[in-house]
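Each chain is listed here by its residues.
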Amino acid sequence: MLYMFHCTDKAGAAEIRASNRATHLEYLEARAERLFVAGPLLSEDGQGMVGSLLIVECADAAEAQSFADNDPYAKAGLFESVVIRPWRRVYPKA
């Protein structure tokens with residue numbers, strides 16, 4: 001099942017994001033076959049990163065929570081909040 005992860009960075013946490021970015025990307029690359037989509041949420045001006053949006057294949061809610069908990073960004077304390085929800089693709093049709 002696909003799960004959507006909507007992660008919001010803590011205010012003023014740009015340095016946490018920057019210093020953990022390489023490790024976060026390695027974490028995602030090692031799980032690339034499970035990723036439907038992944039990328040940063042941007043500030044209104046499009047210049048800064050303020051969160052993350054991922055859609056990931058997980059067996060169940062427990063596996064989705066484990067995926068989120070083990071993300072290097074989460075371990076570094078980057079996120080103010082993480083919302084995880086089951087998600088279904090409708091468009092574009094596969």
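Residues numbered from 1 in each chain as written. Predicted model: local features only at pLDDT ≥ 70, side-chain atom pairs only at ≥ 80, totals over all residues. Heavy atoms only, no water.

### So, the sheet that holds strand β4 (residues 79-87)
Spelled out, the test is: In this description, strands pair whenever DSSP reports at least two bridges between them. A helix here means a DSSP run of H or I that spans at least four residues, while a strand means a run of E at least two residues long, and both kinds are numbered starting from the N terminus. Note on definitions: angles span 0 to 180 degrees between N-to-C directions of axes, and those axes are lines fitted to C-alpha atoms, for helices only across the stretch in contact. In what follows, a contact means two residues having at least one pair of non-hydrogen atoms within 4.5 Å.
Ordered in space as β2-β3-β1-β4, the four strands form an open sheet in which the pairing is antiparallel. What marks the edges here is a single partner per strand, and that holds for β2 (35-42) and β4. Across the sheet, the mean angle from the axis of one strand to that of its neighbour is 15 degrees, orientation sign disregarded. Contacts from helix α1 (residues 14-29) reach β1 (2-9), β2, β3 (49-57) and β4 within the one sheet, and its direction differs from that of β3 by about 10 degrees. The strands touched by helix α2 (residues 61-69) are β1, β2, β3 and β4; relative to β1, the strand with the most contacts, the crossing angle is about 35 degrees.

### Some details on the packing of aromatic side chains
Selection rule: For Phe, Tyr and Trp, rings pair up if their centres lie within 6.5 Å, where Trp contributes its six-membered ring, and each pair is then called stacked (planes under 30 degrees apart), edge-to-face (over 60) or tilted (otherwise). Summary of the burial criterion: residues with accessible area below 20% of their type's maximum are buried, those above 50% are exposed, and those between are partly exposed, where the area comes from a 1.4 Å probe applied to protein chains only.
Summed over all chains, the structure comprises four aromatic pairs. Summarising the aromatic geometry, the rings of F5 and F67 are spaced 5.5 Å apart at their centres and angled 50 degrees between planes, so their arrangement reads as tilted. Within this pair, whereas F5 is found in strand β1, its partner F67 is found in helix α2, the two being separated by 62 residues in sequence. By relative accessible area, F5 is classed as buried at 2%. Judged by centre distance (5.3 Å) and plane angle (50 degrees), the ring pair of Y27 and F67 falls under tilted. Within this pair, whereas Y27 is found in helix α1, its partner F67 is found in helix α2, the two being separated by 40 residues in sequence. Among the aromatic residues, ring-to-ring pairing joins F5, Y27 and F67 into one connected group.

### Notes on the layout of surface pockets
Worth spelling out the cut-off: Using a 1 Å grid laid over the protein atoms alone, points where a 1.4 Å probe fits but cannot get out form a cavity; open sets with protein on both sides within 12 Å along at least 5 of 7 lines form a pocket; any residue with an atom within 4 Å of a point counts as lining. Grid points are joined across faces, edges and corners, and a volume is the space filled by probe spheres set on the points. Under this grouping Gly is polar, as are all residues other than the nonpolar Ala, Val, Leu, Ile, Met, Phe, Trp, Tyr, Cys and Pro and the charged Asp, Glu, Lys and Arg.
Looking at the largest pocket, its volume works out to about 150 Å³. Around the largest pocket sit 13 residues that line it, and H24, L25, L28, A38 and G39 are the ones nearest its centre. With six residues, α1 is the single largest residue contributor to the lining of the largest pocket. Here the residues of the lining of the largest pocket are counted per class, giving seven nonpolar, three polar and three charged.

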